[in-house]
Each structure stands twice: as C-alpha cells, then as structure tokens.
Amino acid sequence: MEQKRLIYMDHAATTYTKPEVVETMMPFFTEQFGNASSVYTFGRKSKAAVETAREQVAKAIGAKSDEIYFVNGGSEADNWAIKGIAWAHRDKGNHIITTKIEHHAVLHVCEYLENNGFEVTYLSVDENGLIDLDELKRAITDKTILITIMFANNEIGTIQPIAEIGKIARERGIIFHTDAVQAVGNVAIDVEKMNIDLLSLAGHKFYGPKGIGALYIRKGIKIENLIHGGGQERRRRAGTENLPGIVGLGKAIEMATENLEEHNEKIRKMRDRLLNGIMEKIPYTKLNGHPEKRLPGNINVSFKFIEGESLLLMLDQLGICASTGSACSSGSLDPSHVLLAIGLPHEIAHGSLRLSLGDLTTEEDIDYVLEVLPKIVQRLREMSPLYEDFIKKGEN
Ligand SMILES: *Cc1c(COP(=O)(O)O)cnc(C)c1O
C-alpha cells in the first residue's frame, strides 16, 4: 500500500522544530550541560548561551535583553503578565480590559481574577474580528490598571491595530500587554514603536522547540514575581534554566524574523491560491476573519450544512491535519467563542475549518486539498437533512 502522505495544515497549533534549531540545541543536552547559575567556567559558558538567546529574543521585538524573561510557553507568559500586573497594581485599581476573542490562556486568567475581586471588560469585535478603538477608549476608567489584547487571533487570523491600542494605553497611563504568540514570525513587531509594555511569545509557534517561551516586561513596570525560589531570571521566575530550550528559542526567533517579508510572501501566495480555490469550488462558504488584516498562513472558513468535526475526521483519513471551531474538538457544547464573537450563528460556526499554512506547506499540498476538500464537503452535505431541505426549497 502506498504510504499516506502527511499534509500538515495546522501550523497555528504548533510547528515542527527546524533542523538548524535542533542542531544549535544539541550540544546543550550533552557536552555543554553546565548549570547556567554555577560559578565555574563550564557553567558560565551555559550562562553566556542563555544571554545570547536573550539578546536574540530582544532584538526580534525591539526590546532590550534585560527586559526578556524566559518561561515555559505562551500560557505561562499570559498568566504571569495578567496576574502579575493585577496583583501588583491592585492598590491603584481593579479593572482590566480585554476582548471576547482572546486565547483561553488570557480569558480563563481574567475569569480567575473576576472571582478574586477584579472587574473585567470584554470588548466586542466586529464581523471581521477587529476591536473598536472608540469602544476601548470608552471602557477605560480611573480603576483600569491593564489592557490585554492579543496581537493576532489564533483561530481567524485577524491582526489588531496594536500600535493604536498602545498609543491609547500610553496616553492614559495604563499598562498594555499583548499575547503575540501567533504574531511572532508572521508580523514585524517593535515594542517601542507600538508602546507595548508586556508581550507573550512561545517557541513552538515559530519553528522553535515546545516548552519554551518568553515574557517581555518593559523596564520599570511593577509586576509580581512568578516563581519564588532561586535567583534565576532576575529572581522573578526561579528554577534551573531550560538551557537547550532557551538556546533553541533564540535561534528560532532569529531565523523567523530574519526573512520575515520574503517568507510571508511565499506563504501568503499559497494561502491565497488555496483560499480562492475553496471559495470557487465550494458553494455556501464564508471566509471568517479580516480579508486583509490577517496572518499570512491563516484560512478560516465556514461551510454551511456540515459539521466541522466530521470534516476533520474525513480529512484525517486522507492524511490532512487541520482544525475546527466546532464543539466536540474543544470538549464543550458551544462552538468557538471567537466564531460566536464575530457574530456567526451556532450552526455556521459548527461548520468551520481552520487551515494554517507554514513552512511545511507545498504547492502539491494545495493541489491535493483543492482536489479532495470539495468532494468531502459535498459528501457530508449529501448526508445532511438541512442541506436536503435547502435544496428542495430551492427547487420549488
Ligand atoms: C498557542 C497559543 C497560546 C498558548 O501557548 P502555549 O505555548 O501552548 O502555552 C497562547 N496564545 C495564543 C494566541 C496561542 O496561539
């Protein structure tokens, strides 16, 4: 039997680690394993590697290296940023502003804080997933201590006007955090120009290893420490450094930001060919997210009359890895909060499919998906009583 080819179209969930990144990491598992906090030369070499990575991360986002703190990933960075600011500034106020479309690593932290005396405003978004800057301005009160708004959405790919948000926050003297986990490696970021005070990133979303990320904290910002213990990460996040991970994160972010435009252009072209093909070949399909202000590799579409979950299973049988905003995949009954926030009715949200392209995507992958996806959608529709009704009505 022919070996089934893997068509990986879920780069927004995680990426593979680039061979060059793995190669850079390898010595730090074996020869150069010294504890970065030890005083002897062997340990100091590890320390130097950590500091080089810190500089690489800082450079990629326009920060200074002593503003970068290594953590284990995006969720940890988001948790630290939001809880750390909330608890450190509660004497000033108890109000936080965020959006309805944040990742759960932000939303669930906000809910936790609501249960602990804080008040949270969840900004709505328009049908493209963009916030309204005037609504943001109106939401600010004397008690507002933090604005946390994601850079780019992981489901629908919409990119927020981050510089404008940063300007508003700065003018009002409010701390601004952004979850940039999806943006790093896809969008040019400058924390100075964009007035960002805290920024979360995770290595495994831009061809680095899993289990390593960073939180940028602007110098002078008061924040609670995350892990109490040893003196690592300027005493703010204790624990022996994940040396290979940190080295890999540095290499990956450097590679991801070096050829950003060139890389994006290539991915965007393939994405547009796939998207145009889907819209052409599959009737009753809606694009979710902003048509232009979106991540270069992101496609999110809703197919009327079908279940995203069944679609995923059929794609999987053909070796295609994708994602849906449908209910079962997230283990709850409601479809994705993001799709509901952009105003999709439940039944449309249930028929959604996210294809996220990246470095593993080839033109052959696009051809293949364009060949099989219309057939699968058609087959699923033929099994749907709703579709049957719809067709009958159309014929009357
Ligand atoms: C993946 C992701 C996270 C979580 O990152 P982990 O490294 O898995 O903890 C947070 N926010 C966004 C937008 C993401 O895409």
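These numbers were taken from a predicted model, which means no experiment stands behind them.

Basis of the calculations
Residues numbered from 1 in each chain as written. Predicted model: local features only at pLDDT ≥ 70, side-chain atom pairs only at ≥ 80, totals over all residues. Heavy atoms only, no water. Helix = DSSP H or I, 4+ residues; strand = E, 2+ residues; numbered from the N terminus. Rg over C-alpha atoms; globule rule 2.2 N^0.38 Å. Buried < 20%, exposed > 50% of the residue type's maximum accessible area, 1.4 Å probe, protein only. Contact = heavy atoms within 4.5 Å. Axes fitted to C-alpha atoms, helices over the stretch in contact; angles between N-to-C directions. Parallel < 35°, antiparallel > 145°, perpendicular 65-115°, else oblique. Left-handed = near helix turned anticlockwise from the far one by under 90°. Nonpolar A, V, L, I, M, F, W, Y, C, P; charged D, E, K, R; others polar. Polar contact = N/O pair within 3.5 Å; in protein donor to acceptor, adjacent residues only side chain to side chain. Domains from an automatic or database assignment. Buried area = accessible area lost by both parts, 1.4 Å probe. Expected span 1.5 Å × (residues − 1). Core = buried A, V, L, I, M, F, W, Y, C linked by side-chain atoms within 4.5 Å. Phe/Tyr/Trp six-rings, centres within 6.5 Å; stacked < 30°, edge-to-face > 60°. Lys NZ or Arg CZ within 6 Å of the ring centre and 35° of its normal. Near = heavy atom within 4 Å. Areas by Shrake-Rupley, 256 points an atom, 1.4 Å probe, with all protein chains shown as cover.

Participant: How do you make sense of the overall build of the chain when you look at a structure like this?
Facilitator: Broken down by element type, the chain carries 13 helices and 12 strands. Taking 396 residues into account, the globule formula puts the C-alpha radius of gyration at 21 Å, and the chain, at 22 Å, falls close to it. Structurally, the chain occupies a C-alpha span of about 80 × 55 × 35 Å along its principal axes. When each of the 396 residues of the chain is scored for burial, the buried share is 56%. Residue pairs in contact within the chain that sit at least 24 positions apart in sequence constitute 72% of those at least 6 positions apart.

Participant: Sorry, what's going on with the packing of helix 8 (residues 260-281) against helix 12 (residues 363-382) here?
Facilitator: A packed helix pair is summarised by two numbers, namely the angle formed by the two axes and the spacing between the axes. Here helix 8 crosses helix 12 at 15°, and the two axes come no closer than 10 Å. By the angle class used here, helix 8 and helix 12 are roughly parallel. Considering the relative orientation of helix 8 and helix 12, their crossing is right-handed. Seen from helix 8, the contacting residues are Met270, Arg273, Leu274, Gly277, Ile278 and Lys281; seen from helix 12, they are Glu363, Ile366, Asp367, Val369, Leu370, Leu373 and Pro374. Along the lines of polarity and charge, the residues of the contact of helix 8 with helix 12 split into eight nonpolar, one polar and four charged.

Participant: Is there a simple way to think about the environment of arginine 271 in this case?
Facilitator: Considering the arrangement of structural elements, one finds arginine 271 in helix 8. Separated by 90 residues in the primary sequence, arginine 271 and threonine 361 have C-alpha atoms spaced 9.5 Å apart. Beyond its immediate sequence surroundings of up to four residues, arginine 271 is in contact with Arg294, Leu295, Pro296, Gly297, Asn298, Ile299 and Leu357. Polar contacts involving the side chain of arginine 271 include one to the side chain of aspartate 272, which spans 2.8 Å.

Participant: What exactly am I supposed to notice about the domain arrangement of the chain here?
Facilitator: Interfaces are often sized by the amount of accessible area the parts lose when they come together. For the chain, the assigned domains read domain 1 (19-258) and domain 2 (260-393). Measuring from the centre of the C-alpha atoms in domain 1 to the corresponding centre in domain 2 gives 30 Å. Contact residues are listed per partner, giving 29 residues for domain 1 and 23 residues for domain 2. Interface area, domain 1 with domain 2, both sides summed: about 2,000 Å², of which 57% is carbon and sulfur.

Participant: Sorry, what's going on with helix 7 (residues 243-258) here?
Facilitator: One full turn of an α-helix is made of 3.6 residues, so residues set three or four places apart face in the same direction. A rise of 1.5 Å per residue sets the reference length of helix 7, with its 16 residues, at 22 Å; its end C-alpha atoms lie 23 Å apart and thus fit the reference within 8%. The buried fraction of helix 7 amounts to 12 of the 16 residues, a majority that puts the element mostly inside the structure. Turning to helix 7, the residues buried within the fold contact helix 1 (19-25), helix 2 (41-61), strand 2 (68-71), strand 7 (198-202), strand 8 (213-217) and helix 8.

Participant: Please explain the nonpolar core as it appears in this structure.
Facilitator: Core analysis: the biggest nonpolar cluster contains 65 residues, and Phe70, Ile147 and Phe151 have the highest contact counts within it. Counting residues per element, this core draws most heavily on helix 7, at eight residues. When residues are assigned to domains, this core turns out to be shared by domain 1 (19-258) and domain 2 (260-393), each giving three or more. If sequence neighbours within four positions are ignored, isoleucine 147 has contacts with Ile97, Leu136, Ile140, Ile165, Ala169, Ile174, Ile175, Phe176 and His177.

Participant: I would appreciate a short explanation of the packing of aromatic side chains in the present structure.
Facilitator: The geometry of an aromatic ring pair is captured by two quantities: the separation of the ring centres and the angle between the planes. The full count for this structure, using the stated rule, is eight aromatic pairs. Summarising the aromatic geometry, the rings of tyrosine 284 and phenylalanine 390 are spaced 5.0 Å apart at their centres and angled 85° between planes, so their arrangement reads as edge-to-face. Here tyrosine 284 is found in the loop between helix 8 and strand 9 (285-287), whereas its partner phenylalanine 390 is found in helix 13 (residues 385-395), with 106 residues between them in sequence. With a relative accessible area of 38%, tyrosine 284 lands in the partly exposed category. Aromatic side chains phenylalanine 305 and phenylalanine 390 sit 4.8 Å apart centroid to centroid with 40° between the ring planes, which places their arrangement in the tilted category. With a gap of 85 residues between them, phenylalanine 305 in the loop between strand 10 (298-303) and helix 9 (308-317) and phenylalanine 390 in helix 13 connect regions that are remote in the sequence. The class of phenylalanine 305 is buried, set by a relative accessible area of 16%. The positively charged end of arginine 5 is found above the aromatic ring belonging to tyrosine 368, 5.8 Å away from the centroid. Between arginine 234 and the ring centre of tyrosine 69, over which it is positioned, the NZ or CZ distance is 4.5 Å.

Participant: Would you explain the site of the ligand in this entry?
Facilitator: Inspection of the region around the ligand gives 13 residues, with Ser75, Asp179, Gln182, His204 and Lys205 positioned closest. Separating an oxygen atom of the ligand from a side-chain N or O atom of histidine 204 is a distance of 2.9 Å. Taking 380 Å² as the accessible area of the ligand by itself, protein coverage stands at 86%. With three residues, helix 3 (residues 74-88) is the largest single contributor of residues to the shell around the ligand. When its residues are assigned to classes, the shell around the ligand shows three nonpolar, seven polar and three charged.

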